[in-house]
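Reading the structure
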Amino acid sequence: MNLFDMAKVPMAAAEKAMKLDPGAAAIIAEPERVLEVHIPVRMDDGSLKVFTGYRAQHSTVLGPAKGGVRYHPSVNLDEVKTLSFWMTCKCAVAGLPYGGGKGGIICNPAEMSKGELERMTRGYIDRIAPCIGEKLDIPAPDMNTNGQVMAWMMDEYSKIKNQYEPGFITGKPLGMGGSEGRTAATGMGVVVAAFEAMYVNGIDPEKATVAVQGYGNVGSWTAKLFAKRGCKVVAVSDVKGAIYCEDGLDFEALDEYVAANKTVVGFPGTKEITNAELLALPVTILAPCAMELQLTGENADAVQATMIVEGANGPTTPEADAVFEQKGIFVVPDILANGGGVTVSYFEWVQNLYRYFWSEEEVVEKQTEMMKRAFKNVYEASKKYGVTMRVAAYIVALNAMAMPMKMRGIY
Ligand code: NAD
């Protein structure tokens, strides 16, 4: 099964439970538009390299397509289509006036100079420019893209349009249209969703232990904000390995260590464990915050967590989901749990359209309120239809899309 087919498994269960019109289901099963581009880049050694990139717009039913751009050697069309589909559902669950999009370039940024990255980024925007815009499709960062890349993209697009265009892209640095609170936003949302989940399951956060897979943007903020709110974070990991500390990790010291060593592995006072061992720890909350397909039919049985809160997109396969349901593990799905990032991206876009900026307190307050509302809607749907939180999240998303599709006459 490819990734896109796998991603549609819970949606099919949702369509069945809510008796969705087959016309709507058929439309949502495919992206509206997929663009493949080839970008010639002059490399530092004088050679010419042609990079392949994509932009998928899964849906514009609820508003402009919205979603990040990923730079990675394993980027492929199936992945980009799947990520754009998840964005559609995530934005609908979060109650945002957006559809879903996603982009990517097949490249290895670790082996490229800053100049090569800039030329490739500008070339990508030149190629996709006819299909993007603040009312059409709004890119953002994803794996290996950051505020600097967004700044180049905004500059290139503004040149093409011959006007200042901050609203066509989010995740920009502060001081050039970026929003307060964006860097921590996804992790913050994961923690808000986890606290709501603990509340409905009668778990005392002060007694909760947490393991976080991945210590990048999402994982590091998730871990730190869990600790800040009184949970004991006993393990974190990155691509090089995992660390464990029974008494809870000291994040100030860990961040200094990571800045110097580029990995969590070897952090003094911790025991080194494998990523597989981290996933199997007997913790209250397991937060996979690294990448897709981490919890599978192979390792799901070993998971001992009381609940799983998905910071990453698509970390759990349908086989693992079935095991978790049977074991009674409460799963807060990605399209609900990691919606905090796109919610603050939405705030950034709104601030750009108004040219009026909010304080960090305002951003956090509005984000928390929206995350809590989204959690409540999904939890209530799970009770109403007697389904898992994942299937319920798809019911909420499909419900939000079905009426506008019908009223607009899309089918
Ligand atoms: P990132 O590149 O900043 O961090 C990824 C982290 O995962 C790194 O620490 C990396 O070393 C680690 N990692 C990679 N493979 C691993 C493995 N096999 N085992 C353990 N650790 C591994 O990326 P990010 O922005 O934090 O994104 C992480 C996930 O969250 C992705 O699935 C992304 O699509 C999703 N997501 C990100 C955002 C956002 O705002 N950044 C929003 C929603 C969802």
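Numbers given to residues run from 1 along each chain, matching the order in which its sequence is written. Local features in this predicted model are restricted to residues whose pLDDT is 70 or higher, and side-chain atom pairs enter the listing and the counts only when it is 80 or higher, whereas totals over whole chains, interfaces and linings include all residues. As a rule here, side-chain values cover all heavy atoms of the structure and leave hydrogens and water aside.

Notes on the overall build of the chain
- A count of helices and strands for the chain gives 14 helices and twelve strands.
- It is over C-alpha atoms that the radius of gyration is taken, and the globule rule equals 2.2 Å times the number of residues to the power 0.38. Its C-alpha radius of gyration of 21 Å places the chain within 12% of the 22 Å reference for a compact globule of 411 residues.
- Residue exposure (1.4 Å probe, protein chains only): buried if accessible area is under 20% of the type maximum, exposed if over 50%, otherwise partly exposed. Each of the 411 residues in the chain was classed as buried or not, and the buried ones make up 58%.
- We call two residues in contact whenever any of their non-hydrogen atoms come within 4.5 Å of each other. Taking all contacts inside the chain whose residues are at least 6 apart in sequence as the whole, residues at least 24 apart take part in 68%.
- Working definition of accessibility: Shrake-Rupley area with a 1.4 Å probe, residue cover restricted to the visible protein chains. Per element, the accessible surface of the chain, about 17000 Å² overall, is 53% carbon and sulfur.
- Counted as positive: Lys and Arg. Counted as negative: Asp and Glu. His and the chain ends are not counted at all. The atoms used to mark charge sites are NZ of Lys, CZ of Arg, CG of Asp and CD of Glu. In the chain, 40 positive and 48 negative side-chain charges are present, and the distance between their average locations comes to 5 Å. Numbering goes from the N terminus for both helices and strands, where a helix is a DSSP run of H or I of at least four residues and a strand is a run of E of at least two.

Section: unusual backbone geometry
- You will see that Lys 262, though not glycine, has its phi angle at about 60°, which is positive.
- Note on placement: Lys 262 falls in the loop between helix 8 (251-261) and strand 9 (271-273).
- Classification of Lys 262 by relative accessible area gives exposed; the value is 61%.
- Despite not being glycine, Arg 355 shows a phi value in the positive range, around 55°.
- Within the secondary structure, Arg 355 is located in the loop between helix 12 (340-354) and helix 13 (360-385).

Structural notes on the sheet that holds strand 4 (residues 100-106)
- By definition, two strands form a pair when at least two bridges between them are found by DSSP. Spatial strand order, 1-2-4-3-5: five strands in an open sheet with mixed pairing. Two strands close off the open sheet at either side, each with one partner strand: strand 1 (33-42) and strand 5 (137-141). On average, each strand axis in the sheet is inclined to that of its neighbour by 25°, with strand direction left out of account.
- Most of the contacts of helix 4 (residues 114-128) go to strand 1, to which it runs at about 140°, and overall it touches strand 1, strand 2 (48-59), strand 3 (65-72) and strand 4. Here, axes are lines fitted to C-alpha atoms. For helices the fit covers the stretch in contact, and angles between N-to-C directions go from 0 to 180 degrees.

Considering the environment of Tyr 257
- Tracing the sequence through the fold places Tyr 257 in helix 8.
- Put simply, Tyr 257 and Gly 133 are 124 residues apart on the chain and 40 Å apart in space, counted from C-alpha to C-alpha.
- In this view, Tyr 257 contacts Lys 262, Thr 263, Val 264, Val 265, Gly 266, Phe 267 and Pro 268; residues no more than four positions away in its chain are not counted.

Regarding the pattern of salt bridges
- Within this document, salt bridges are pairs made up of a side-chain nitrogen of Lys or Arg and a carboxyl oxygen of Asp or Glu, the two lying within 4 Å of each other. Using the criterion set out here, one finds 21 salt bridges in the structure.
- Residue Glu 292 is joined to Arg 70 by a salt bridge in which the shortest nitrogen-to-oxygen separation is 3.0 Å. Here the residue Glu 292 occupies a position in the loop between strand 10 (285-288) and strand 11 (307-309), and Arg 70 occupies one in strand 3, the gap between them amounting to 222 residues.
- Overall, Arg 70 belongs to the buried group, its relative accessible area being 5%.
- Residue Glu 310 pairs with Arg 390 through a salt bridge whose shortest N-O separation is 2.7 Å. Note that Glu 310 is positioned in the loop between strand 11 and helix 10 (318-327) and Arg 390 in helix 14 (residues 389-408), a separation of 80 residues in sequence. Both residues of the pair, Glu 310 and Arg 390, count as buried.
- Three or more residues are tied together by salt bridges with common partners; here these are Arg 70, Glu 79, Lys 102, Asp 142 and Glu 292.

Some thoughts on the packing of aromatic side chains
- Aromatic rings from Phe, Tyr and Trp, with only the six-membered ring used for Trp, were paired whenever their centres fell within 6.5 Å, and each pair was classed as stacked if the ring planes differed by under 30 degrees, edge-to-face if by over 60, and tilted otherwise. Applying the stated criterion across every chain yields a total of eleven aromatic pairs.
- Ring plane angle 25° and centroid distance 4.1 Å describe the contact between Tyr 157 and Phe 168, whose orientation is recorded as stacked. With a gap of eleven residues between them, Tyr 157 in helix 5 (residues 147-161) and Phe 168 in the loop between helix 5 and helix 6 (182-200) connect regions that are remote in the sequence.
- Classification of Tyr 157 as buried rests on a relative accessible area of 3%.
- For Phe 168, a relative accessible area of 0% translates into the label buried.
- Seen from their ring centres, Tyr 346 and Trp 349 are 6.2 Å apart, and the 35° between their planes marks the pair as tilted. Of the two residues, Tyr 346 and Trp 349 both sit in helix 12, three residues apart, roughly one turn of that helix.

Section: the site of the ligand
- Being near a molecule or strand, for a residue, comes down to having at least one heavy atom within 4 Å of it. Around the ligand sit 24 residues in total, of which Thr 186, Asn 217, Val 218, Val 239 and Asn 313 are the nearest.
- Polar contact criterion, stated in full: a pair of N or O atoms within 3.5 Å, where within protein one must be able to donate a hydrogen and the other to accept it, and residues adjacent in sequence count only if both atoms are side-chain atoms. Here an oxygen atom of the ligand sits 3.4 Å away from a polar atom, N or O, in the side chain of Asp 142.
- In this structure, a nitrogen atom belonging to the ligand sits 3.4 Å away from a side-chain N or O atom of Asn 275.
- Taking 830 Å² as the accessible area of the ligand by itself, protein coverage stands at 82%.
- Looking at the shell around the ligand, the elements that each hand over two or more residues are helix 6, helix 7 (217-228) and strand 7 (232-238).

A few points about the sheet that holds strand 6 (residues 209-213)
- Strand order in this open sheet of seven strands is 9-8-7-6-10-11-12, and the pairing throughout is mixed. Across the chains shown, the open sheet's two edge strands, defined by having one partner strand only, are strand 9 and strand 12 (330-332). The average undirected angle you get between the axes of adjacent strands in this sheet is 20°.
- As judged from the three bridges shared by strand 8 (residues 241-244) and strand 9, these two strands associate in the antiparallel manner. Each residue of the ladder has a partner; that of Ile 243, found in strand 9, is Glu 272.
- Packed on one face of the sheet, helix 6 meets strand 10, strand 11 and strand 12 and runs near 155° to strand 11.

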